[in-house]
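# Architecture and fold: a report
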Amino acid sequence: MSDDRRLRTTFDEAAVSYQSARPDYPGQLYADLLDVTHLKPADHLLEVGCGPGKATLPLARAGFAITAVELGPALAEQARHNLAGFADVEVVTASFEEWPGPADGTRFGLVYAATAWSWVDPAVKYARAAELLRPGGHLAVWNAVHGFPAGYDPFFEQIQEVYVELGEDKPGDQWPPPPPEAAPDLAGEFEESGHFEPVAVRRYVWGRRYTADEYIALLDTFSGHIAMGPVKRDRLYGEIRRRLAVRPDGRLTRHWSSVLTVGRRR
């Protein structure tokens, strides 16, 4: 497992705050997902890496039966709490790679992962998803990353200086990152797996305003910030507070970008 993938266990430390600190995914994303896949409430869905249920709740509210697999025990417990009102939702504490699947042999109409697919072992994840899908079933993957559309908040270029000072930047990465319309999708990866025919790619961009406290709470749900040493983290967060304190409203605008890739099982 790469160093980056070892960080996938850090999210369990943010189990309590994750649901409120992370943004909801756009409603249009779910509408597009159902339009592309033609899923009906009678279909059974499998979610990979549900966290506290961020992407589970909207589909549960739409009437779907969902089996949600979550590696972190604290996150799985939060998901059970947040989804307690839905009798057709089951949360399983396991890694997707090692989970044996339903005991009754159920095959799913959709396997989906929201901001979790990159943490699954690339050697097995597509074959595993295909194995658990019924013929003609779909795999849907989407993310939520920092977006930099035209006119993005200059705060992020300024605070990047602090990340560089602390050695917490990623040498070789483009800065600022590519605009949302140029964000990569996974259609090629779906195709190369041999298990899925890509059928749709959709992109979404939205913005949220954050106070210093709200933004720091968000950062505390990111693996790199969770793993950051306390001295570095205190320095970074102090600079965030100091720089936002001089703004008239004390807030920043962070844009989010999501890319939805959907494939049909071959």
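Residues numbered from 1 in each chain as written. Predicted model: local features only at pLDDT ≥ 70, side-chain atom pairs only at ≥ 80, totals over all residues. Heavy atoms only, no water.

What follows is about the pattern of salt bridges. Evaluation of the coordinates by the stated rule reveals 16 salt bridges. Close ionic contact of aspartate 153 with arginine 247 constitutes a salt bridge, the shortest N to O distance being 2.6 Å. Residue aspartate 153 is found in the loop between β6 (145-147) and α7 (155-166), and its partner arginine 247 is found in the loop between α11 (230-245) and β8 (251-265); the two are separated by 94 residues along the sequence. Residue arginine 247 is classed as partly exposed on the basis of its relative accessible area, which comes to 22%. Between arginine 242 and glutamate 239 there is a salt bridge; the shortest N-O distance is 2.8 Å. (Salt bridge = Lys/Arg side-chain N within 4 Å of Asp/Glu carboxyl O. Helix = DSSP H or I, 4+ residues; strand = E, 2+ residues; numbered from the N terminus. Buried < 20%, exposed > 50% of the residue type's maximum accessible area, 1.4 Å probe, protein only.)

All right, on to the layout of surface pockets then. Taken as a whole, the second largest pocket encloses approximately 390 Å³ of empty space. Forming the walls of the second largest pocket are 28 residues, and the residues nearest its centre are Gly49, Gly51, Glu70, Ala116 and Trp119. Listed by contribution, the elements that provide at least two residues to the lining of the second largest pocket are β1 (44-48) and β2 (65-70). Counted by class, the lining of the second largest pocket contains 16 nonpolar, six polar and six charged residues. (1 Å grid on protein atoms, 1.4 Å probe; cavity = no way out; pocket = protein on both sides within 12 Å on 5 of 7 lines; lining within 4 Å. Points joined across faces, edges and corners; volume = space filled by probe spheres on them. Nonpolar A, V, L, I, M, F, W, Y, C, P; charged D, E, K, R; others polar.)

This next bit is on empty space enclosed by the protein. Tallied over the full model, the rule gives one cavity of 30 Å³ or more. Within this model, the largest cavity holds a volume of roughly 50 Å³. Along its surface, the largest cavity is lined by Tyr18, Arg22, Pro23, Tyr25, Lys54, Thr115, Ala144 and Trp256. Its residues placed into classes, the lining of the largest cavity shows five nonpolar, one polar and two charged.

This part covers the side chain of threonine 67. Structurally, threonine 67 is set in strand β2. Within the structure, the side chain of threonine 67 is placed 3.0 Å from the side chain of histidine 44, a separation counted as a polar contact. Not counting residues within four places of it along the chain, the set of residues in contact with threonine 67 comprises His44, Leu45, Leu46, Glu47, Glu90, Val92, Trp99 and Phe108. (Polar contact = N/O pair within 3.5 Å; in protein donor to acceptor, adjacent residues only side chain to side chain. Contact = heavy atoms within 4.5 Å.)

It is worth spelling out the packing of aromatic side chains at this point. According to the stated counting rule, one finds 16 aromatic pairs in the structure shown. Relative to phenylalanine 108, the ring of tryptophan 99 lies with its centre 6.5 Å away and its plane at 40°, an arrangement referred to as tilted. For tryptophan 99, a relative accessible area of 8% puts it in the buried group. A ring pair is formed by tyrosine 210 and tyrosine 215, whose centres lie 5.9 Å apart and whose planes are at 65°; its orientation type is edge-to-face. Tyrosine 215 matches tyrosine 210 in its accessibility class, with the two residues each being buried. Aromatic rings pair up to connect Phe148, Tyr152, Phe155, Phe156, Trp175, Tyr210 and Tyr215 into one cluster. The ring of phenylalanine 96 is capped by arginine 128, whose NZ or CZ atom sits 6.0 Å from the centre of that ring. Against the face of tryptophan 256 rests arginine 254, its NZ or CZ located 4.3 Å from the ring centre. (Phe/Tyr/Trp six-rings, centres within 6.5 Å; stacked < 30°, edge-to-face > 60°. Lys NZ or Arg CZ within 6 Å of the ring centre and 35° of its normal.)

Right, let's get into the nonpolar core. Counting 53 residues, the largest nonpolar core has Tyr112, Trp142, Tyr215, Leu236 and Ile240 as the members making the most contacts within it. Discounting residues that sit within four places of it in the chain, leucine 236 has contacts with Ile159, Val162, Tyr163, Leu166, His225 and Met228. In this structure, Ala94, Trp99, Val120 and Tyr126 belong to the second largest nonpolar core, which totals 22 residues. (Core = buried A, V, L, I, M, F, W, Y, C linked by side-chain atoms within 4.5 Å.)

Note that every value here comes from positions in space, so none of it alone points to a role or purpose.
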